[in-house]
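# An overview of the molecular structure
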Amino acid sequence: MDVIVAGSRAELDEARAALGIGARWGDRDGRTLALVPTMGALHEGHLSLIRLAKEHADHVAVSIFVNPLQFGPNEDFSRYPRTFEADVAACRTEGVDIVFAPSAEEMYPPDRQVSVSAGHMGTIVEGAFRPGHFDGVLTVVLKLFNLVRPSVAIFGQKDAQQLAMIRRMVADLDVPVRIIGAPIVREPDGLALSSRNRYLSPDEREIALALSRALHEGAGHRTPWEIVAATRQVLDAAPLTVDYVVLADPATFAEVADDHVGEAVLAVAARVGTTRLIDNVIVTLP
Ligand code: PAF
């Protein structure tokens, strides 16, 4: 069956029914559905999420929605790449069953009042540089969950704090969706795939390699202090502006103490020209 493109709630419900997925949430009365939420401009990283989704459910839905709520006033909402036809073609090639691509009006009626608050965790690390960003992410993700009603949803580890926040929301608000994190996909030279990479000029792309190089360098050290210092040293030597280097608890994103033992996420954000990039790696502290 060809991919079904649904633009409205009604079309989405019809698509679910056409696939034999029950009207209720999850897999209780029919076949199972996995959701891969995206903002489009699909690249190999997204395709890896789709392939993982197929391992976890009978059917896969991909949502494509550039969510205005998660962009700050000076961020790149208007120039964010929109490549809808190519995205649908990629979904078709990957055997996606449903593409849900609602309009902003469909998602956000003008009289809307209530949204999700990301709490304290939404104000630290990435949230400190992007006020309101995680409120916007969680609001749209909860709405997508309510509309698509998947049993499982896949998110990239590339947005590590987003993944942690979504796990937190699902736990705190009792949302019946299993969250699966998928590994970062990188170019052969280490650059983490991102829709925003297409903003980079060839020179800027070279500079951007400092992020993965810095993480690699940092991850080779043993104590939190050394890890952060080594990472920062590589970034400071490159012509970019560092927003943060942090070694954080992967579940809470609180900075780990110097005697931390076990897993931690080493996360960086930096601006190369006008493009803001993030990257991270999981390290295990002995
Ligand atoms: O990671 C993204 O692309 C977005 O933040 C998401 C999860 C699709 C919500 O708009």
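Residues numbered from 1 in each chain as written. Predicted model: local features only at pLDDT ≥ 70, side-chain atom pairs only at ≥ 80, totals over all residues. Heavy atoms only, no water.

### Regarding the sheet that holds strand β7 (residues 241–248)
This is how the line gets drawn: By this definition, two strands are paired if DSSP reports at least two bridges between them. Secondary structure is summarised from DSSP: a helix means a run of H or I of at least four residues, a strand means a run of E of at least two, and numbering begins at the N terminus for each. Fitted lines through C-alpha atoms give the axes, limited to the stretch in contact for helices. The angle between two N-to-C directions lies from 0 to 180 degrees.
Sheet architecture is open: three strands sit in the order β7-β8-β9, paired in antiparallel fashion. Strands with a single pairing partner mark the edges of an open sheet, and in this sheet they are β7 and β9 (275–285). On average, each strand axis in the sheet is tilted by 10° relative to the strand beside it, whichever way the strands run. In this sheet, β9 lies alongside strand β8 (residues 262–272) in antiparallel orientation, the contact comprising eleven bridges. The residue of β9 that forms the bridge with Ala 270 is Leu 277.

### What about the site of the ligand?
Operational definition: In these notes, residues near a molecule or strand are those with any non-hydrogen atom within 4 Å of it. N or O atoms within 3.5 Å of each other form a polar contact, as long as, within protein, one can give a hydrogen and the other can take it, and as long as residues adjacent in sequence are counted only when both atoms are side-chain atoms. Under the convention used here, a 1.4 Å probe and the Shrake-Rupley method define accessible areas, while residue burial counts only the protein chains that appear. When residues are grouped by polarity, Ala, Val, Leu, Ile, Met, Phe, Trp, Tyr, Cys and Pro land in nonpolar, Asp, Glu, Lys and Arg in charged, and all others, Gly among them, in polar.
The environment of the ligand is made up of Pro 37, Thr 38, Met 39, Asn 67, Gln 70, Val 140, Phe 155, Asp 159 and Gln 162. Gln 70 is positioned such that a nitrogen or oxygen atom in its side chain is 2.6 Å from an oxygen atom of the ligand. Separating an oxygen atom of the ligand from a side-chain N or O atom of Gln 162 is a distance of 2.7 Å. Calculation on the ligand without its partners gives an accessible area of 290 Å², and the protein chains cover 89% of this total. For the shell around the ligand, the per-class residue count stands at four nonpolar, four polar and one charged.

### Considerations on the side chain of His 133
Rules: Under the scheme applied here, a residue whose accessible area is under 20% of the maximum for its type counts as buried, over 50% as exposed, and between as partly exposed, the area being computed with a 1.4 Å probe on protein chains only.
Within the fold, His 133 resides in helix α6 (residues 133–148). Taking relative accessible area as the criterion, His 133 reaches 7% and is therefore assigned buried. Polar side-chain contacts of His 133 include one of 2.8 Å to the backbone oxygen of Gln 70.

### Some thoughts on the nonpolar core
To keep it simple, the criterion reads: Working definition of a nonpolar core: buried Ala, Val, Leu, Ile, Met, Phe, Trp, Tyr and Cys residues. They are joined through side-chain atoms within 4.5 Å.
Ranked by size, the top nonpolar core spans 49 residues in total, and within it Val 141, Phe 145, Phe 155, Ile 166, Ile 179 and Phe 253 carry the most contacts. Among the elements that make up this core, the one with the highest residue count is α6 (ten residues). Core analysis: the next-biggest nonpolar cluster, separate from the first, contains 25 residues, Leu 191, Leu 200, Ala 214 and Leu 277 among them.

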